[in-house]
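Architecture and fold: a report
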Amino acid sequence: MKNEKSEKKQWWMFFLSFGAFSTMWFFVFYLLNRQVNEAKEAIYFGTPIGAYWVYFLSALIFGLTSWGIYFCTKEAYRKKSFQDFKVNALGVFRLAWLPLLCTLPFLYLATTNALLIKEENMTFNPFWSFEKHEYTWEDGVKAIEISYSITRQSNHQTNFNGNYILYLKDGKRINLWQDTLEGDVLAIQEIDRFFQKKNIPFHVTSVPSEEMITRYFSENAEFIRDLYSR
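1. A look at the overall build of the protein
Scanning the protein for helices and strands turns up six helices and eight strands. Ordered by position in the sequence, the α and β elements of the protein form the string α-β-α-α-β-β-β-β-β-β-α-β-α-α. Relative to its length of 230 residues, the protein is extended, with a C-alpha radius of gyration of 23 Å against a globular reference of 17 Å. Seen through its C-alpha atoms, the protein measures out along the principal axes to roughly 70 × 45 × 25 Å. Among the 230 residues that make up the protein, the fraction classed as buried is 43%. For the protein, contacts bridging at least 24 residues in sequence account for 61% of all contacts bridging at least 6. A total of about 14300 Å² of accessible surface is found on the protein, and carbon and sulfur atoms cover 59% of it.

Structure, rendered in structure tokens:
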């Protein structure tokens, strides 16, 4: 019984430490994205979902490698043997170097993948592109579409998925509400105030009922009513 409890504790400690390292790396990648793309200068900064998934998967690989180094360090300290640390750490790098190397080009693409909305213009760098696209407010954003959909989860719960889609002059479309990591209701409310000052047509293609608004938006119901009544 004691052995079983001890084994469970070891597994819990592994998942906790592995999770902590992975979370740390995710935020390192995310903050690097904001730093490289000068997010402080933007009214709205969006990390597209493609970049989010790259950060998530890369953080798991970097996190597992970091946990391996941490475990080697702890064991070497316990045995007071630097030679053990050296041998075990080299073993971790032999196993991890190829996965780590494979993440680097995707991390570069993810780090440059960003949407910045500024007072003077908007810039967007797609994931599979090395070129940053710039759009002016005079003709860069052709229209804004507002809609929604309801999705059902496996536990029979439902989610309200709002859509705030920018249609750009070159044919691209960006859903600020669903396709960016920062696309929560408060961020949409803030950027919507900005867009209303611009001469951009708004199109509402589907309107939620009052019952839906009350059910899904206890704090932001007034904004949602206004948004979908245009």
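2. Focus on unusual backbone geometry
You will see that Glu 38, though not glycine, has its phi angle at about 55°, which is positive. Position of Glu 38 relative to the elements: it lies in the loop between α1 (2-36) and β1 (44-46).

3. Concerning the sheet that holds strand β3 (residues 121-125)
Across the sheet, four strands lie side by side as β1-β2-β3-β4; this open sheet has antiparallel pairing. Looking at the sheet topology across the chains shown, the edges are occupied by β1 and β4 (133-136). The mean angle between the axes of side-by-side strands here comes to 10°, regardless of whether they run parallel or antiparallel. With four bridges connecting them, β3 and β4 associate as antiparallel partners. In the sheet register, Thr 123 faces β4, and the bridge partner there is Glu 134.

4. So, the nonpolar core
If you look at the biggest cluster of nonpolar residues, it comprises 32 residues, and the most contacted ones within it are Ile 117, Met 122, Tyr 164, Leu 166, Leu 176, Trp 177 and Phe 195. When residues of this core are traced back to their parent elements, those giving at least two are β2 (114-117), β3, β5 (141-152), β6 (158-168), α4 (185-196) and α6 (221-227). When residues of this core are assigned to their parent elements, the largest contribution, six residues, is made by α4. Counting residues in each nonpolar core, the second largest holds 13 residues, with Ala 96, Leu 107, Ala 110 and Phe 127 among its members.

5. Observations regarding the environment of Phe 194
With respect to the helices, strands and loops of the structure, Phe 194 is situated in helix α4. With 73 residues separating them in the primary sequence, Phe 194 and Asn 121 have C-alpha atoms 12 Å apart. Not counting chain neighbours up to four residues away, the residues in contact with Phe 194 comprise Ile 43, Ile 117, Lys 118, Glu 119 and Trp 137.

6. Concerning helix α2 (residues 49-79)
Between the first and last C-alpha of α2 there are 45 Å, a value that for 31 residues agrees with the 45 Å anticipated at 1.5 Å per step. A positive backbone phi angle near 55° is found at Lys 80, which sits one or two residues after α2.

7. Some details on the packing of α2 against helix α3 (residues 82-112)
The contact between α2 and α3 brings their axes to 9 Å, and the two run at 165°. Comparing the axis directions of α2 and α3 gives the class roughly antiparallel. Along this stretch, α2 crosses α3, giving a crossing that reads as left-handed. Residue composition of the contact of α2 with α3, grouped by class: 18 nonpolar, seven polar and two charged.

Scoring rules and cut-offs
- Residues numbered from 1 in each chain as written.
- Predicted model: local features only at pLDDT ≥ 70, side-chain atom pairs only at ≥ 80, totals over all residues.
- Heavy atoms only, no water.
- Helix = DSSP H or I, 4+ residues; strand = E, 2+ residues; numbered from the N terminus.
- Rg over C-alpha atoms; globule rule 2.2 N^0.38 Å.
- Buried < 20%, exposed > 50% of the residue type's maximum accessible area, 1.4 Å probe, protein only.
- Contact = heavy atoms within 4.5 Å.
- Areas by Shrake-Rupley, 256 points an atom, 1.4 Å probe, with all protein chains shown as cover.
- Pairing = 2+ DSSP bridges.
- Axes fitted to C-alpha atoms, helices over the stretch in contact; angles between N-to-C directions.
- Core = buried A, V, L, I, M, F, W, Y, C linked by side-chain atoms within 4.5 Å.
- Expected span 1.5 Å × (residues − 1).
- Parallel < 35°, antiparallel > 145°, perpendicular 65-115°, else oblique.
- Left-handed = near helix turned anticlockwise from the far one by under 90°.
- Nonpolar A, V, L, I, M, F, W, Y, C, P; charged D, E, K, R; others polar.

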